[in-house]
Structures are given as C-alpha cells and as structure tokens.
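Architecture at a glance
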Amino acid sequence: MIDVLLIMLVFFMVTSTYLDLDMIPMAEGAEEQTSTPTADPGAPLVLRLGAEGAVFLRGRPISAVEIAAVVAGRPDVTILPSLRAETQALVSLMDLLTGAGAGSVRLLRVAEP
Amino acid sequence: MRLARAPRRTPPETIIPLIDVVFFLLVFFMLIGRMDATAPFEVTPAVAVTGSDMPGGGITLAVSEVGALALDGSVVDADVAIARLRDLLTEDPTRLVRINAHRRAPLSEVLPLVARIEGLGARDVVLVVTPAAP
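So, here is what we can say about the structure in this document. (Residues numbered from 1 in each chain as written. Chains lettered and ligands numbered in written order. Predicted model: local features only at pLDDT ≥ 70, side-chain atom pairs only at ≥ 80, totals over all residues. Heavy atoms only, no water.)

As a further point, take the pairing of strand S7 (residues 124-131) of chain B. Pairing between strand S1 (residues 22-27) of chain A and S7 of chain B: five bridges, direction antiparallel. Across the sheet, residue Pro25 of chain A finds its bridge partner in S7 of chain B, namely Val126 of chain B. Bridge analysis of strand S1 (residues 46-48) of chain B against S7 of chain B gives three bridges, and the strand direction is parallel. Within S7 of chain B, the position partnered with Ala48 of chain B by the bridge is Pro131 of chain B. The pairing of strand S6 (residues 96-101) of chain B with S7 of chain B spans four bridges and is classified as parallel. Within S7 of chain B, the position partnered with Leu96 of chain B by the bridge is Asp124 of chain B. (Pairing = 2+ DSSP bridges. Helix = DSSP H or I, 4+ residues; strand = E, 2+ residues; numbered from the N terminus.)

Here's what the structure looks like:
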C-alpha cells in the first residue's frame, strides 16, 4: 500500500508542472463574432506597434500615459503590429489598453508577403 | 526463586500515520500540479497583468525565441503542426488551443500561426502569459 502511494507521489511530483500561467484570448469564437455589437460611436482608433516596441498614433510616437488618456472610454481599439515586434511588446500594449478601459482590442494582421 | 524478566517488546511500527502523510502529499501534488506536456526548448511566456485564469486541457503549441514549434511537447514543423491540429479540431472544434510563445519570439512567428489555427475553425485560441506580480 505505502509502496504504491510512494510511487504515485513521486510520479506526480516529477511529471507535473507547477507554473502559474494565465491566458489572453487571441481568437473570438464564431458564435461570439456574430453576436458582438459593432456599433462604434467614435472614429476607429488604430495604434501601430513598431518593431522596437514603440506605439504610434497617426504617425506620431505616443507614451503609455497618452495611450491611457486616448483610449479611455473607447469601445473598440485596433492594433496594427509590426511583424518584427516581440510578443512581449504586443502583450504589454494589449495589457495597457485593457487596463485603460478599452472595450475590445483587435489585431489587424497584414498578409505575409 | 528469581523469575526471568520478560523480554521487552518493541512497539510495532506505526505505518498508518506514514500512509496518511504520503496520501496527503499525493493529493496535494495532484491538486496543485498540471499534467501539461512541456516544450523541449526554453519558453518564457510574456508577462501580463490582465490575463485570466487558464483552464486545464486543450492542445499546447509552444513557440521558441527563434520560432521553433512544439506540439504537446514534441518538436514539429509548422505544416505538420497545422495538419495535426486540423485532425484534432475536426474531432472536437471546441478544443482549446494554447499558444505558449516565448516573450522575445517575433510576431512574424506567432500571428500567422494564430491566423492559420483560426482558419482551421478553432473557437478558442489563447496566448499563454505569466501573471505579473501585483
């Protein structure tokens, strides 16, 4: 009995991972897409994420504080990321937008050349 | 007349408390651990504050810093990964697909992958992140 328990204990200790991980949704389900309201009272806000991680609004670099001020209350924000940017830069920007109150954050993907 | 002293009996080993402790440890490790396949290369997910708790199960596609892919722990080519995902999603389209990308992986390796997986009809595609310290 104790032998079997010890073997099981060692098995679970060795094979399990103990990382605390979260997730960010990257794709909407088909049902959600049809039911999501698309009415946007303001002009669409498009932020460009540069290769070095800098964020641009209408061609001008914009700081995190300015982003929070511009985004507040916007139901829909679109990010146009450079494909050379790092994943962390995109996640940080999405984090900032969600924290600033953006209703939904969308990614604009340019087709590969 | 002197009677021989009865030999001192050593108390029997108490195995039951040991079983209790081991059983408790077993249940503890089963509850807090996740039986996920780990990638054969180093993957450090991006840090995020606004991530939500990740449910168990699903398929994990790991992306290394240089764009190498591993599907549920085994290194695969992108086309092979997509083919396997197509089979798995055909069986169950509601299956969760987790993309565990290294934080320094270029988006050119991650975003086209998301698009291809979406094209397979996946309803749940999520990016794995590490919760930021409060």
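After that view, the rundown keeps rolling.
This paragraph deals with the interface of chain B and chain A. If you look at the interface, chain B gives 47 residues, while chain A gives 41 residues. On inspection of chain B and its partner chain A, the count reaches zero salt bridges. Counting every contact that joins chain B to chain A gives 13 residue pairs in polar contact (both at pLDDT 80 or more). Among the elements that take part in the side of chain B that touches chain A, helix H1 (residues 15-32) of chain B stands out by supplying nine residues, more than any other. (Contact = heavy atoms within 4.5 Å. Salt bridge = Lys/Arg side-chain N within 4 Å of Asp/Glu carboxyl O. Polar contact = N/O pair within 3.5 Å; in protein donor to acceptor, adjacent residues only side chain to side chain.)

Here the focus is the nonpolar core. The biggest cluster of nonpolar side chains holds 48 residues, and the ones touching the most others in it are Leu49 and Leu97 of chain A together with Ile99 and Ile117 of chain B. In contact with Ile99 of chain B, not counting residues within four places along its chain, are Leu61, Val63, Val110, Val114, Ile117, Val125, Val126, Leu127 and Val128 of chain B. Core analysis: the second largest hydrophobic core is formed by eight residues, Ile2 and Leu9 of chain A together with Ile19 and Val22 of chain B among them. (Core = buried A, V, L, I, M, F, W, Y, C linked by side-chain atoms within 4.5 Å. Buried < 20%, exposed > 50% of the residue type's maximum accessible area, 1.4 Å probe, protein only.)

It is worth spelling out the environment of Arg60 of chain A at this point. Residue and element names in this part refer to chain A. Following the sequence through the fold, Arg60 ends up in strand S4 (residues 60-61). Since its relative accessible area comes to 46%, Arg60 is described here as partly exposed. Excluding residues that lie within four positions of it along the chain, Arg60 makes contacts with Val55 and Glu66.

Relative to the helices and strands, Ser82 of chain A resides in the loop between strand S5 (76-81) and helix H4 (87-99). From its side chain, Ser82 of chain A meets the backbone nitrogen of Arg84 of chain A in a polar contact 3.1 Å long.

Quick look at helix H3 (residues 107-119) of chain B now. Residues and elements named next belong to chain B. With 13 residues, H3 should cover 18 Å at 1.5 Å per step; its first-to-last C-alpha distance of 18 Å lies within 8% of that length. Leu107, Val110, Leu111, Pro112, Leu113, Val114 and Ile117 are the residues of H3 that are buried. Phi turns positive one or two residues past the end of H3, at Gly121, with a value near 100°. (Expected span 1.5 Å × (residues − 1).)

It is worth spelling out the pairing of strand S2 (residues 45-49) of chain A at this point. Residues and elements named next belong to chain A. Here S2 shows one buried face, formed by Leu45, Leu47 and Leu49, and one open face, formed by Val46 and Arg48. Two strands pair when backbone bridges link them, and S2 and S5 are joined in this way by five bridges, in the parallel orientation. Its bridge partner lying in S5, Leu49 is registered against Pro81. By the bridge criterion, three bridges tie S2 to strand S3 (residues 55-57) in an arrangement that is antiparallel. From the neighbouring strand, Leu47 faces S3, where its bridge partner is Leu57. In this antiparallel pair of consecutive strands, S2 and S3, the connection spans five residues, and Gly53 shows a positive phi of 100°.

Residues and elements named next belong to chain A. Evaluated as defined, the whole model comprises five salt bridges over all chains. Across the pair Arg106 and Asp76 runs a salt bridge whose closest N-O atoms are separated by 3.1 Å. Residue Arg106 is found in strand S6 (residues 104-107), and its partner Asp76 is found in strand S5; the two are separated by 30 residues along the sequence. For Arg106, a relative accessible area of 29% puts it in the partly exposed group.

Taken by themselves, the reported measurements are silent on function.
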